[in-house]
Amino acid sequence: MNDEELDENIVEENVEVMDSDVDVQKLQEDLDNTTDRLKRLMAEFDNYKKRASKEREQLYNSLVADIMMAFLPVMDNLEKAINTNTGDEGYKQGMELVAKQFKDVLKSFGLEEIKTEGEIFNPILHEAVSSVQDDTKESQEIIEEFRKGYKMGDKVIRHAMVVVNQ
């Protein structure tokens, strides 16, 4: 090999190395772009899973609330039956046991009674059907409850119907 051939080989090797450096840079850019797309896709999928889970939970709570709403008139009628004077103590005790069991079932699904008598009127929880003047009570204090109200967590299922002091 003479000097000229040697110089030619060195130049060819340098060109090949430079071409491979360009290829490595392009491959690295492609890898970075693909990695970035993958990370974004993973984050998007994670957000989708969270959103779907939240929607399922809201749907479940809405369905339970609708079912509880359908049972409330039954509970009202059980309480009326308990308060009716029949003279049969065994009947009254049986109705009280059924009502207690029914209340326990409703409570197990998260249904709570809204407190009324002695409380201050809250339009979010209570529905005022009448007002009276009683100087022995505070202003806006609930005097009487006409119909029980219920809530599940922070959501009011049925407002309590009450009489409020002016």
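Every value quoted in this text rests on a predicted model; they were computed, and no experiment measured them.

### A closer look at the side chain of His126
Stage number 1. Summarising the element assignment, His126 is placed in strand 2 (residues 126-132).
Stage number 2. Residue His126 is classed as buried on the basis of its relative accessible area of 4%.
Stage number 3. Among the polar contacts listed, one links the side chain of His126 to the backbone oxygen of Lys115, at a separation of 3.1 Å.
Stage number 4. Setting aside anything within four residues of it in sequence, one finds His126 in contact with Ile114, Lys115, Thr116, Ile120, Phe121, Ile142, His159, Ala160 and Val162.

### Examining unusual backbone geometry
Stage number 1. Backbone geometry at Gln140 places phi at a positive 70°, although glycine is not the residue there.
Stage number 2. If you trace the backbone, Gln140 turns up in the loop between strand 2 and strand 3 (142-147).

### Concerning the side chain of Asn165
Stage number 1. For Asn165, the location among the structural elements is in strand 6 (residues 160-165).
Stage number 2. In terms of polar contacts, Asn165 uses its side chain to reach the backbone amide nitrogen of Asp134, at 2.7 Å.
Stage number 3. Residues within four places of Asn165 in sequence aside, it is in contact with Val132, Gln133, Asp134, Lys137, Glu138, Ser139, Gln140, Glu141 and Ile143.

### Some words on a nonpolar patch on the surface
Stage number 1. On the surface, Tyr60, Val105 and Phe109 cluster together into a nonpolar patch covering about 300 Å² of accessible area.
Stage number 2. Looking at the secondary structure, you find Val105 in helix 2 (residues 89-108).

### Some remarks on the confidence of the model for the protein
Stage number 1. Taken over all residues, the pLDDT of the protein has a mean of 88, while the share at 70 or more is 87%.
Stage number 2. Confidence, read as mean pLDDT per element, is least for helix 1 (residues 3-83) in the protein (86) and greatest for strand 4 (residues 150-152) (94).

### Let's talk about the pairing of strand 5 (residues 155-158)
Stage number 1. Across 3 bridges, strand 4 lies against strand 5 in antiparallel orientation. Note that in strand 5 the partner of Met152 across the bridge is Lys155.
Stage number 2. The hairpin turn running from strand 4 into strand 5, its antiparallel successor, is 2 residues long, and Gly153 in that turn takes a positive phi close to 65°.

### Some thoughts on the sheet that holds strand 1 (residues 111-113)
Stage number 1. Strand order across the open sheet formed by 3 strands is 1-4-5, with antiparallel pairing between neighbours. Each edge of the open sheet carries a strand with a single partner, namely strand 1 and strand 5. Strand-to-strand twist of the sheet, defined as the mean angle between neighbouring strand axes without regard to direction, takes the value 35°.
Stage number 2. Alignment of strand 1 against strand 4, held across 3 bridges, turns out to be antiparallel. Bridge pairing links Leu111 to Met152 in strand 4.

### Comments concerning the pattern of salt bridges
Stage number 1. A complete count under the given rule lists 9 salt bridges for this structure.
Stage number 2. Its salt-bridge partner being Asp36, residue Arg40 comes within 3.1 Å of it at the nearest N-O pair. Of this pair, Arg40 and Asp36 both sit in helix 1, 4 residues apart, which is roughly one turn of the helix.
Stage number 3. For Asp36, a relative accessible area of 37% corresponds to the partly exposed category.
Stage number 4. Lys103 is the salt-bridge partner of Glu113, the closest N and O atoms lying 3.7 Å from each other. One end of the pair, Glu113, is in strand 1; the other, Lys103, is in helix 2, with 10 residues separating them in the sequence.
Stage number 5. Using a relative accessible area of 37% as the deciding quantity, one classes Glu113 as partly exposed.
Stage number 6. Here the salt bridges do not stand alone but share partners, grouping Glu79, Lys103, Glu113 and Lys148 into one network.

Scoring rules and cut-offs
Residues numbered from 1 in each chain as written. Predicted model: local features only at pLDDT ≥ 70, side-chain atom pairs only at ≥ 80, totals over all residues. Heavy atoms only, no water. Helix = DSSP H or I, 4+ residues; strand = E, 2+ residues; numbered from the N terminus. Buried < 20%, exposed > 50% of the residue type's maximum accessible area, 1.4 Å probe, protein only. Polar contact = N/O pair within 3.5 Å; in protein donor to acceptor, adjacent residues only side chain to side chain. Contact = heavy atoms within 4.5 Å. Patch = residues over 30% accessible without salt bridge, like charges linked within 9 Å, V, L, I, M, F, W, Y side chains within 5 Å. Areas by Shrake-Rupley, 256 points an atom, 1.4 Å probe, with all protein chains shown as cover. Salt bridge = Lys/Arg side-chain N within 4 Å of Asp/Glu carboxyl O. pLDDT = per-residue confidence, 0-100. Pairing = 2+ DSSP bridges. Axes fitted to C-alpha atoms, helices over the stretch in contact; angles between N-to-C directions.

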